[in-house]
Amino acid sequence: MTSPAPGGHGIDDAYLTDWTGRRHQPAPNARILSLVPSLTETLFALGLGDNVVGRTAFCIHPAEQVKQVKSLGGTKQVNWRKVEAARPTHAVLNVDENPKEIADELESRGILPVVTHPIEPADNAPLIRLLGGVFDRRAEADALADEFDAALQSLLADRPTEETRALYLIWKAPWMTVGRETYISRFLSLINWRTWQTPDGARYPEIDITDRLLDDIDRVLFSTEPFPFKDEHLDAFRAAFPAHGAKVQSVDGEMLSWYGVRAIQGLRYLRDLAGTVPQ
């Protein structure tokens, strides 16, 4: 995606300027293509379900309503014939999840990209307000953003003081983790769980897991997505690294990596997670 450009400073700009610096006009009758699962869920939460005319195959929430919207591809590739047939006027995208080439192609076809890029957990409230502003659901967006802010402040007020060193796994064969500059790592830091420091600062690096590496880790977190880690994967890991088996636990990837409206539940999940022990 392109780099962000300076926006204005009025309240309208806060609601209408996306990450690229593009200032949108309110579009209450927009036909929306959503290429990000968490943004699809957020659009429905804002009461925009009837405006969503296309989604990805990975957009699964809210389960019953989203089934009524045609899948037009994935987050990295779309079926352009199906896109044209859906006749969207706008598309919502994310810098990390969608290639810039898709945004460029959408714009060349006259479909206006609304580009998002939440980096810090606190970015969720402005993200919700952006979607509410662009698609004329400001009151609904304000209510959800205020709910998020209240949940965030409540969590921070009870933040654990002791640091927990965590290795968050998102893939196997090869093993992959998340760097400290990612949204996931910053979300976990709200409860003072610090992810493993990648040597070169990479965001999603491949790693070689050894006993020596695990000696400096308090918890090994197996996320349920994007790789669908299950009990058998945790059991195999315990067998391979018996000295560190007590550190292993499964975590809900949606709760820790999805933004928008899901982050409200995610904050509550994070509070509960802080009090868990590995199983």
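Quick note: structure is the one above.
These numbers come from a predicted model, not from an experiment.

Thresholds, definitions, all that
Residues numbered from 1 in each chain as written. Predicted model: local features only at pLDDT ≥ 70, side-chain atom pairs only at ≥ 80, totals over all residues. Heavy atoms only, no water. Helix = DSSP H or I, 4+ residues; strand = E, 2+ residues; numbered from the N terminus. Rg over C-alpha atoms; globule rule 2.2 N^0.38 Å. Buried < 20%, exposed > 50% of the residue type's maximum accessible area, 1.4 Å probe, protein only. Contact = heavy atoms within 4.5 Å. Areas by Shrake-Rupley, 256 points an atom, 1.4 Å probe, with all protein chains shown as cover. Lys, Arg positive; Asp, Glu negative; His and termini not counted. Charge placed at Lys NZ, Arg CZ, Asp CG, Glu CD. Axes fitted to C-alpha atoms, helices over the stretch in contact; angles between N-to-C directions. Parallel < 35°, antiparallel > 145°, perpendicular 65-115°, else oblique. Left-handed = near helix turned anticlockwise from the far one by under 90°. Pairing = 2+ DSSP bridges. Phe/Tyr/Trp six-rings, centres within 6.5 Å; stacked < 30°, edge-to-face > 60°. Lys NZ or Arg CZ within 6 Å of the ring centre and 35° of its normal.

It is worth spelling out the overall build of the protein chain at this point. Scanning the protein chain from N- to C-terminus turns up 12 helices and 9 strands. For a compact globule of 279 residues, the expected C-alpha radius of gyration is about 19 Å, and the protein chain comes in at 20 Å, within 12% of that figure. With the C-alpha coordinates of the protein chain rotated into their principal frame, the extents come out at 60 × 40 × 35 Å. Looking at the protein chain as a whole, 51% of its 279 residues are labelled buried. Excluding contacts between residues fewer than 6 apart, the proportion of contacts in the protein chain whose partners are at least 24 apart in sequence is 63%. When the accessible surface of the protein chain is summed, it comes to about 12900 Å², and 51% of that surface belongs to carbon and sulfur atoms. If the 30 positive side-chain charges of the protein chain are averaged to one point and the 39 negative ones to another, these points end up 4 Å apart.

Once that is clear, we can look at the packing of helix 7 (residues 138-157) against helix 12 (residues 262-274). Direction vectors running N to C along helix 7 and helix 12 enclose 15°, while the axes themselves pass 9 Å from each other. The angle between helix 7 and helix 12 places the two elements in the roughly parallel class. For the crossing formed where helix 7 meets helix 12, the hand is left-handed. Together, L144, E147, F148, A151, L152, S154 and L155 of helix 7 and A263, I264, L267, R268, L270 and R271 of helix 12 make up the contact between the two elements.

So, about the sheet that holds strand 2 (residues 52-54). With respect to topology, 4 strands assemble into an open sheet ordered 2-1-3-4, the strand pairing being parallel. Where the open sheet ends on each side, the last strands, each with one partner, are strand 2 and strand 4 (112-116). Adjacent strand axes in the sheet meet at a mean angle of 35°, parallel and antiparallel pairs treated alike. Relative to strand 3 (residues 90-94), helix 5 (residues 100-108) is tilted by about 170°, and along the sheet it contacts strand 1 (32-34), strand 3 and strand 4.

A cis geometry characterises the amide bond from H61 onward to P62, with omega recorded as -5°. Along the polypeptide, P62 turns up in the loop between strand 2 and helix 3 (63-66). P174 follows A173 through a cis peptide bond whose omega is 10°. With respect to the element layout, P174 can be found in the loop between strand 5 (164-171) and strand 6 (176-177). Positive phi, normally seen in glycine, also occurs at R87, with a value near 55°. The residue R87 is located in the loop between helix 4 (80-86) and strand 3 in this model. Looking at the secondary structure, you find A173 in the loop between strand 5 and strand 6.

With that settled, the discussion passes to the side chain of T164. Relative to the helices and strands, T164 is located in strand 5. Judged by its relative accessible area of 14%, T164 is buried.

Taken as a whole, this structure holds 10 aromatic pairs when the rule is applied. Ring centres 6.2 Å apart and planes at 80° place the aromatic pair W175 and F222 in the edge-to-face group. Of this pair, W175 sits in the loop between strand 5 and strand 6 while F222 sits in strand 8 (residues 219-223), placing them 47 residues apart in sequence. The class for F222 is buried, based on a relative accessible area of 0%. The rings of W171, W175, F222, F227, F229, F237 and F241 are connected pair by pair, giving a single aromatic cluster. Stacked on the ring of Y15, the Lys or Arg R138 has its end atom at 4.4 Å from the ring centre.

All we've got here are geometric facts, nothing functional implied.
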